[in-house]
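Summary of structural features
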Amino acid sequence: MVKARDLRSDDLRHLAAIAETGRLTTAARAMGVDHSTVSRRLHALEDALGIRIISRSDDGWMLTDAGRDLLEHAREVQRSVESVAQYASGVEPGSVSGMVRITAAEGFGTVFVVPAVGRVQREHPDLSVELVTGSRELGLQANSFDIAITPGRRPATRLHLERLCEYDSDFYGSDDYFARHGNPATLADLQDHRLVYFIDALQKIRELDLAEVVETADLAFSSTSIFAQLAAVRGGTGIGLLSKFMAGTVDGIRPVDATVTLPRVPVSMVMRREAIHRPAIAAIREALHREVLDRRDELVWMPNDRSTTGTTVSG
């Protein structure tokens, strides 16, 4: 029989921390200890209870069925400790604090994640956020993020995944480029123009495979950075295949005259199931959904726009 005197409440707090993050180092930072202490206290809790509560997997540290059964009790202990600390510090109940790490594509992260996070941080100044960006397909190892924003087809994962939004794209050029080389009026005309896009070997959003749209694409400039591509298009280097929301961030470029209907790209949000209700995660999750909803006209073509969306390419 397990006796209460054999249990340490701090060990339950370590359980709550590892459940929310899946990472020993992050859990340790939250608890103010080193990662070896977290590991040692979790093993001590397992010994005291006589059950296995955590296990290692490809997605980081995961709770066993028994660990999930204990999790709400662990969270109650953590909430009680936090409430006492807030009371003693004069902090308003319900405030959000801690560290959240987000991974996102460079453009989407800058244009949508940053302002959403900023709104949360204005309301909760004790919240810290790390944003990791990149143009490559983002790995979904749960020990590397709290929230992952991933474009393209739904990734295969055991983590919690939900649709965040979707966006449209088109071919864009600068007024200077069109004046010098002409504005393509048909899809076939695009074959005669130099293009700007991602480095093919590193581009994983296959809904927008340039080779499937322009069979003999002549890449004048390619980069892993969407901001470098925007600069190249604006500078007249070539015609770029750009998302509507990124093209809208710069002046001096506009869609080509050719009617090119491209697939709409879905964007998903991925989180650890155990961390969904963590106050900091919940606040940012809600803010991201509100951000894309309020700014949907920047993401997709509206009925009065010059273009329409579809699932095929035409010209």
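Structure shown above.
I will try to describe carefully the structure that is included in this document. (Residues numbered from 1 in each chain as written. Predicted model: local features only at pLDDT ≥ 70, side-chain atom pairs only at ≥ 80, totals over all residues. Heavy atoms only, no water.)

So, helix H8 (residues 226-234)
Just so we agree on the cut-off: For every residue, the accessible area obtained with a 1.4 Å probe (protein chains only) is divided by the maximum for its type, and the residue is called buried under 20%, exposed over 50%, and partly exposed between those limits. Secondary structure counts use DSSP, requiring at least four H or I residues in a row for a helix and at least two E residues in a row for a strand, with both numbered from the N terminus. Each direction from the helix axis to a C-beta atom contributes to the arc, which is the arc of those directions. Whenever a nitrogen or oxygen atom comes within 3.5 Å of another N or O atom, the pair is scored as a polar contact, on the condition that within protein one atom can donate a hydrogen and the other can accept it, and that pairs from neighbouring residues in sequence are kept only if both atoms are in side chains.
Turning to H8, its buried residues are Ile-226, Gln-229, Leu-230, Ala-232 and Val-233. Down the axis, H8 shows its buried residues gathered within 160 degrees of arc, on one side only. For H8, the N-terminal capping position is held by Ser-225, with its side-chain oxygen 3.2 Å away from the main-chain nitrogen of Phe-227. Of the residues one or two after H8, Gly-236 is the one with positive phi, at around 85 degrees.

Looking at the nonpolar core
Which entries qualify depends on this criterion: In this text, buried Ala, Val, Leu, Ile, Met, Phe, Trp, Tyr and Cys residues form a nonpolar core when linked through side-chain atoms within 4.5 Å. We call two residues in contact when some of their heavy atoms are within 4.5 Å.
One finds Phe-108, Ile-147, Ile-149 and Phe-171 to be the most contacted residues of the largest nonpolar core, which totals 63 residues. Once residues lying within four places of it in the same chain are set aside, the contact partners of Phe-171 are Leu-190, Leu-210, Val-213, Val-214, Ile-239, Gly-240, Leu-241, Arg-254, Pro-255, Val-256, Val-260 and Leu-262. If you look at the next biggest cluster of nonpolar residues, it comprises 20 residues, including Leu-24, Ala-27, Ala-28 and Leu-70.

Considerations on the environment of Glu-274
For Glu-274, the position within the fold is in the loop between strand E12 (265-271) and helix H10 (279-294). When the C-alpha atoms of Glu-274 and Thr-21 are compared, they prove to be 8.3 Å apart, with 253 residues separating the residues in sequence.

Comments concerning the sheet that holds strand E3 (residues 98-105)
Where we set the bar: Pairing between two strands requires that DSSP report at least two bridges joining them. Only the stretch in contact is used when fitting a helix axis, every axis being a line fitted to C-alpha atoms; angles between N-to-C directions are given from 0 to 180 degrees.
The strand order across the open sheet built from 5 strands is E4-E3-E5-E12-E6, with neighbouring strands paired in mixed fashion. Strand pairing shows two members of the sheet lacking a second neighbour, strand E4 (127-134) and strand E6 (160-167), which therefore form its edges. Taken over all neighbouring pairs, the strand axes of this sheet differ in orientation by 20 degrees on average, direction set aside. Strand direction decides the pairing type here: strand E5 (residues 147-151) and E12, joined by 5 bridges, are antiparallel. Within the sheet, the bridge partner assigned to Thr-150 lies in E12 and is Ser-268. On the sheet, helix H5 (residues 106-123) packs against E3, E4, E5, E6 and E12 and is oriented at approximately 175 degrees with respect to E4.

Brief notes about the pairing of E3
This is how it is decided: Handedness of a crossover: with both strands directed away from the viewer, a clockwise path from the first strand across the helix to the second marks it as right-handed.
Across 8 bridges, the pairing between E3 and E4 is parallel. Residue pairing for E4: Gly-98 is matched across the bridge by Leu-127. This β-α-β element, E3 to H5 to E4, shows right-handed connectivity. Bridge count for E3 against E5 is 3 bridges, and the pairing is parallel. The partner of Ala-104 across the bridge, within E5, is Ile-149.

Re the sheet that holds strand E7 (residues 169-174)
Sheet architecture is open: 5 strands sit in the order E9-E8-E10-E7-E11, paired in mixed fashion. Taken across any chain shown, the strands that pair with only one partner, and hence form the sheet edges, are strand E9 (218-222) and strand E11 (253-255). Along the sheet, successive strands turn relative to each other by an average axial angle of 40 degrees, direction set aside. Bridge count for E7 against E11 is 3 bridges, and the pairing is antiparallel. Looking across to E11, one finds that Tyr-172 is bridged to Pro-255. Along the sheet, H8 contacts E7, strand E8 (194-197), E9, strand E10 (239-243) and E11; its crossing angle with E10, the most-contacted strand, is approximately 135 degrees.

Overview of the pattern of salt bridges
Quick note on the threshold: Salt bridge, as used here: a side-chain nitrogen of Lys or Arg that lies within 4 Å of a carboxyl oxygen of Asp or Glu.
Taken as a whole and judged by the stated rule, the model has 17 salt bridges. The partner of Glu-46 in a salt bridge is Arg-52, and the shortest N-O contact between them spans 3.7 Å. Arg-295 serves as the salt-bridge partner of Glu-291, at 2.8 Å between the closest nitrogen and oxygen. Within the structure, one salt-bridge network assembled from shared partners comprises Arg-119, Glu-291, Arg-295 and Glu-298.

With respect to the environment of Ala-148
Inspection of the secondary structure puts Ala-148 in strand E5. Given the relative accessible area of 0%, Ala-148 is considered buried. In this structure the C-alpha to C-alpha distance between Ala-148 and Leu-161, which are 13 residues apart in sequence, comes to 9.3 Å.

Some remarks on the packing of aromatic side chains
Filter applied, for reference: Aromatic rings from Phe, Tyr and Trp, taking only the six-membered ring of Trp, are treated as a pair when their centres fall within 6.5 Å; an angle between ring planes under 30 degrees marks them as stacked, one over 60 as edge-to-face, and anything in between as tilted. The criterion for a charge sitting over a ring is simple: Lys NZ or Arg CZ within 6 Å of the ring centre, and within 35 degrees of the ring normal.
Following the criterion strictly, the structure yields 6 aromatic pairs and no others. Relative to Phe-112, the ring of Phe-108 has its centre 5.1 Å away and its plane inclined at 25 degrees; by these criteria the two rings are stacked. Taken together, the residues Phe-108 and Phe-112, both in helix H5 and 4 residues apart, mark about one turn of the helix. In this structure Phe-112 comes out as buried when scored by relative accessible area, which is 1%. Their ring planes at 85 degrees and their centres at 5.3 Å tell us that Tyr-167 and Phe-245 sit as a pair that is edge-to-face. Of the two residues, Tyr-167 is situated in strand E6 and Phe-245 in helix H9 (residues 244-247); the sequence distance between them amounts to 78 residues. Here Tyr-167 and Phe-245 have matching classes, each one buried. Ring pairing ties together the aromatic residues Phe-108, Phe-112, Tyr-167 and Phe-245, which thus form one cluster. Lying across the ring of Phe-112, Arg-295 places its NZ or CZ 4.2 Å from the centre.

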